[in-house]
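Structure assessment
Now for the letters of each chain:
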Number of protein chains: 2
Amino acid sequence: MKNYIKEFRKQMHMTQANIADLCGVARQTINCVENDKYDPTLELAFKISRLLKKNLEEVFIYDSL
Amino acid sequence: MKNYIKEFRKQMHMTQANIADLCGVARQTINCVENDKYDPTLELAFKISRLLKKNLEEVFIYDSL
DNA sequence: TAAAAATGTCATATATATTGGACATTTTTA
DNA sequence: TAAAAATGTCCAATATATATGACATTTTTA
């Protein structure tokens, strides 16, 4: 699983803390998701994607196999 | 959060147990996700969607607000 | 219409996502 | 070029997704 959170986040001039606040989670959570430390909840993945004004599958890339 | 797992699953003549086996999770897990008992992991949501040959956002509908 | 398969559900246990606090390092800003 | 902000990381605690086993009910099939 790959993601483009950092890239899209910077395009929007947002910080990890901004995203975290707006998603209602801790800053560490966004940091860990961004750096593939763990697999987020589907709802959190949707929240992040919406904040970045992207479709979920543009932000998170699932490589089957 | 709404999902169309049951509908797409029946279209493919698959059972909850089939999906579970192919996803590598327990049958109860698929049952709970299908019935909105809890929020699946992003990776599991992707696996289910791929098995149903659909995009994730066709299977899981996130209603913001 | 009885048997078999599929589903819903419950209880307990485990794995892991998420939290909160704290601090070091890196990046940005004044 | 120093101060401030942002990021990465660690630890311990908590919340919740997932597992396992078992059984009742519903749906499908022979």
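Since we're looking at a predicted model, the values are computed, not measured. Numbers given for residues are sequential positions, taken from 1 along each chain in its written order. Ligands are numbered from 1 and chains lettered from A, in the order in which they are written. In keeping with the model being predicted, local features are shown solely for residues with a pLDDT of at least 70 and side-chain atom pairs are shown and tallied solely at 80 or more, while totals for entire chains, interfaces and linings include all residues. To obtain the side-chain values, all non-hydrogen atoms of the structure were used and water was disregarded.

Considerations on the interface of chain A and chain B
The cut-off we apply is this: By the convention used here, residues are in contact when the closest approach between their heavy atoms is within 4.5 Å. As a working definition, buried area equals the accessible area (1.4 Å probe) given up by two parts on being put together, with both sides summed. What counts as a salt bridge is simple: a side-chain nitrogen of Lys or Arg found within 4 Å of a carboxyl oxygen of Asp or Glu. Whenever two N or O atoms come within 3.5 Å, that pair is a polar contact, provided that in protein one can donate a hydrogen and the other can accept it, and provided that, for residues adjacent in sequence, both atoms are side-chain atoms. Going along the chain from the N terminus, every DSSP run of H or I of four or more residues is numbered as a helix, and every run of E of two or more is numbered as a strand. Under the grouping applied here, Gly and all other residues not named as nonpolar or charged are polar, the nonpolar ones being Ala, Val, Leu, Ile, Met, Phe, Trp, Tyr, Cys and Pro and the charged ones Asp, Glu, Lys and Arg.
Contact residues are listed per partner, giving 15 residues for chain A and 15 residues for chain B. Of the roughly 1,600 Å² buried at the junction of chain A and chain B (both faces included), carbon and sulfur atoms supply 62%. By the criterion of area lost to chain B, the three top residues of chain A are Leu42(A), Glu57(A) and Tyr62(A), representing 43% of everything that side buries. The interface formed by chain A and chain B includes two salt bridges. Glu57(A) is the salt-bridge partner of Arg50(B), the closest N and O atoms lying 3.1 Å from each other. Counting the contacts that link chain A with chain B gives 10 residue pairs in polar contact (both at pLDDT 80 or more). For the side of chain A that touches chain B, the elements supplying multiple residues, two or more each, are helix H4 (42–51) and helix H5 (56–59) of chain A. With six residues, H4(A) is the largest single contributor of residues to the side of chain A that touches chain B. In terms of residue class, the side of chain A that touches chain B is made up of eight nonpolar, two polar and five charged.

What about the protein's contact with DNA strand C?
Put simply, the test is: Whether a residue is near a molecule or strand is decided by its heavy atoms; if any one of them lies within 4 Å of it, the residue is near.
Taken together, 20 residues lie near DNA strand C, and Thr29(A), Tyr38(A), Arg9(B), Thr15(B) and Asn31(B) sit nearest. Sugar plus phosphate, as a fraction of atoms of DNA strand C within 4 Å of the protein: 58%. A distance of 3.4 Å separates a sugar or linking oxygen of DNA strand C from a polar backbone atom of Asp39(A). At 3.3 Å, a side-chain N or O of Asn35(B) approaches a phosphate oxygen of DNA strand C. Going through the elements one at a time, helix H3 (27–34) of chain A together with helix H1 (5–11) and helix H3 (27–34) of chain B are the ones with two or more residues in the surface near DNA strand C.

Let's talk about helix H4 (residues 42–51) of chain B
Test applied: Between buried and exposed lies partly exposed: a residue is buried under 20% and exposed over 50% of the maximum accessible area for its type, with that area taken using a 1.4 Å probe on protein chains only.
Among the residues of H4(B), those classed as buried are Leu42(B), Leu44(B), Ala45(B), Phe46(B), Ile48(B) and Ser49(B). Immediately downstream of H4(B), the backbone of Lys53(B) shows phi near 55 degrees, a positive value.

Describing the packing of helix H2 (residues 16–23) of chain A against H3(A)
All names here are of chain A. Counted only if it meets this: Only the contacting stretch of a helix is used when fitting its axis, a line to C-alpha atoms as for every element, and angles between N-to-C directions run 0 to 180 degrees. For classification purposes, angles smaller than 35 degrees are called roughly parallel, those larger than 145 roughly antiparallel, those between 65 and 115 roughly perpendicular, and all remaining angles oblique. Here a crossing is taken to be left-handed if its near helix is turned anticlockwise relative to the far helix by less than a right angle, and right-handed if that turn runs clockwise.
Between H2 and H3, whose axes approach to 8 Å, the crossing angle comes to 115 degrees. In terms of axis orientation, H2 runs roughly perpendicular to H3. When you trace H2 past H3, the crossing you get is right-handed. In this structure, H2 uses Gln16, Ala17, Ile19 and Ala20 to contact H3, whose residues at the interface are Arg27, Ile30, Asn31 and Glu34. A per-class count over the contact of H2 with H3 returns four nonpolar, two polar and two charged.

Some thoughts on the protein's contact with DNA strand D
Taken together, 20 residues lie around DNA strand D, and Thr15(A), Gln16(A), Asn31(A), Thr29(B) and Tyr38(B) are the ones closest in. Restricting attention to atoms of DNA strand D within 4 Å of the protein, one finds that 59% of them are sugar or phosphate atoms. At 2.7 Å from a base oxygen of DNA strand D is found a side-chain nitrogen or oxygen belonging to Gln28(B). The separation between a sugar or linking oxygen of DNA strand D and a polar main-chain atom of Asp39(B) is 3.2 Å. If you list the elements that add at least two residues to the surface near DNA strand D, you get helix H1 (5–11) and H3 of chain A together with H3 of chain B.

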